[in-house]
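So the chains spell out like this:
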Amino acid sequence: MKADAPKPKPLHWIGSSRSDLRELPKEARRNIGLALHQAALGDKSLDAKPLKGFGGAGVLEIVEDYDGDTYRAVYTVKFAERLYVLHVFQKKSKKGISTPKATIDLIRKRLKLAEEDFKGVTK
């Protein structure tokens, strides 16, 4: 790494997000990992977009289509020193494009856990 290259933010995994990522097919896992690395460097992957219902671009979702299936990783950039990965999952529903309410509720819960963790670090 060059001396003037930006130092990536450390990734912090909330709940089962890290083990869930490990369960994905290798190609999907690799592409999501690259997108998370870009986010850690302060960039945004072309595969990432703001997740609806979270008020702006503080919570993003990476959408990875692989072998006929769709995989998603949700992370937050709300905190300057850290990147929190909130949830990684396979989108199961073939109807509509919206994320199921139970998944949104889980992401909200994990976002609160990330906020609490960050507050504990910055005290």
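Everything below is about the structure printed above this text.
Residues numbered from 1 in each chain as written. Predicted model: local features only at pLDDT ≥ 70, side-chain atom pairs only at ≥ 80, totals over all residues. Heavy atoms only, no water.

Draft legend 1. How the structure looks around the sheet that holds strand β1 (residues 11-13). Strand order in the open sheet formed by five strands is β1-β5-β4-β3-β2, with mixed pairing between adjacent strands. The two strands at the open ends of the sheet, each matched to only one other strand, are β1 and β2 (48-50). Going across the sheet, the axis of each strand differs from the next one's by a mean of 35°, ignoring polarity. Bridging between β2 and strand β3 (residues 59-66) involves three bridges; their strand directions are antiparallel. Directly across from P50, in β3, lies its bridge partner L60. Helix α2 (residues 26-40) rests against β1, β3, β4 (69-76) and β5 (83-91) of the sheet, and its axis sits at about 150° to β3. (Pairing = 2+ DSSP bridges. Helix = DSSP H or I, 4+ residues; strand = E, 2+ residues; numbered from the N terminus. Axes fitted to C-alpha atoms, helices over the stretch in contact; angles between N-to-C directions. Contact = heavy atoms within 4.5 Å.)

Draft legend 2. Region of the structure containing the side chain of H87. If you trace the backbone, H87 turns up in strand β5. What makes H87 buried here is its relative accessible area of 8%. Polar side-chain contacts of H87 include one of 3.3 Å to the side chain of R110. Here H87 is in contact with S17, D20, R72, A73, V74, T103, L106, I107 and R110, once residues within four sequence places are set aside. (Buried < 20%, exposed > 50% of the residue type's maximum accessible area, 1.4 Å probe, protein only. Polar contact = N/O pair within 3.5 Å; in protein donor to acceptor, adjacent residues only side chain to side chain.)

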